[in-house]
Amino acid sequence: EDQVTQSPEALRLQEGESSSLNCSYTVSGLRGLFWYRQDPGKGPEFLFTLYSAGEEKEKERLKATLTKKESFLHITAPKPEDSATYLCAVGGTGFQKLVFGTGTRLLVSP
Amino acid sequence: DGGITQSPKYLFRKEGQNVTLSCEQNLNHDAMYWYRQDPGQGLRLIYYSQIVNDFQKGDIAEGYSVSREKKESFPLTVTSAQKNPTAFYLCASRGLAGDGNEQFFGPGTRLTVL
């Protein structure tokens, strides 16, 4: 059974304090690992797709990396507007379904 | 602007009532999905559809029904058989051939049973 585990469950940072979020996964035949950002009461917003170990993608202060067992979302010098829940999901064979983790709630204080 | 719309944003249901949540997309995507989100749990798949007039059950389909009569529309009905329907419902869509594999989400509908 495909599984995704995200850690930590919640993370509080000071503005400018860099950190990383973790997404560990087990899937039979990875067909993509996806990162989303979700603000309270809103739908998830797509951030990145990673397909193979060693792949990296960046967007502003965010950088996602992928290994064979986990992905990291690195946040460099975060700002209060980066506060949100970050969701990780994996796609297995056929891409018909995504399996989501429970998310990491990030709070960045000024 | 291309995107996914869901309506209503908030919905209140009395026990024993069926309610229908709307999802429309103008992204020309072939696949559409319905998820349920509860506090402390990941998104769980209810139903999905890859093509008009065809859909498949997801992991938690009991108490729900869908239709896909048009490519742009994928309404979800929450029936009285769903014992715990209070949740945040999210619709998503994905292009198929030649497009990326990521799913794009609508703004969600929050359903509360009174």
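You'll find the structure just up there.
Reading guide: rules and limits
Residues numbered from 1 in each chain as written. Chains lettered and ligands numbered in written order. Predicted model: local features only at pLDDT ≥ 70, side-chain atom pairs only at ≥ 80, totals over all residues. Heavy atoms only, no water. Helix = DSSP H or I, 4+ residues; strand = E, 2+ residues; numbered from the N terminus. Rg over C-alpha atoms; globule rule 2.2 N^0.38 Å. Buried < 20%, exposed > 50% of the residue type's maximum accessible area, 1.4 Å probe, protein only. Areas by Shrake-Rupley, 256 points an atom, 1.4 Å probe, with all protein chains shown as cover. Lys, Arg positive; Asp, Glu negative; His and termini not counted. Charge placed at Lys NZ, Arg CZ, Asp CG, Glu CD. Contact = heavy atoms within 4.5 Å. Buried area = accessible area lost by both parts, 1.4 Å probe. Salt bridge = Lys/Arg side-chain N within 4 Å of Asp/Glu carboxyl O. Nonpolar A, V, L, I, M, F, W, Y, C, P; charged D, E, K, R; others polar.

Asker: Explain the overall build of chain B to me, please; I cannot follow it from the model alone.
Answerer: Helix and strand counts for chain B come out as 0 helices and 11 strands. From first element to last, N terminus to C terminus, chain B shows the α and β order β-β-β-β-β-β-β-β-β-β-β. Against the 2.2 N^0.38 benchmark of 13 Å for 114 residues, chain B shows a C-alpha radius of gyration of 13 Å, consistent with a compact globule. Scored against the burial criterion, the 114 residues of chain B give a buried share of 48%. Carbon and sulfur atoms provide 47% of the accessible area of chain B, an area that totals close to 5500 Å². Looking at charge distribution, chain B has the averaged site of its 12 positive side-chain charges lying 8 Å from that of its 12 negative ones.

Asker: Is there a simple way to explain the interface of chain A and chain B in this structure?
Answerer: When the parts come together, some accessible area is lost, and that loss is often what is quoted as the size of the interface. Across the contact, 19 residues belong to chain A and 21 residues belong to chain B. Interface area, chain A with chain B, both sides summed: about 1600 Å², of which 54% is carbon and sulfur. For the pair chain A and chain B, the number of links is 1 salt bridge. With a shortest N-O distance of 2.9 Å, Asp59(B) and Lys97(A) are connected by a salt bridge. At the level of elements, β4 (33–38), β5 (45–50) and β10 (98–100) of chain A are the ones that each hand at least two residues to the side of chain A that touches chain B. Looking at side-chain class alone, the side of chain A that touches chain B contains 9 nonpolar, 8 polar and 2 charged residues.

What is shown is where atoms sit, not what they do.
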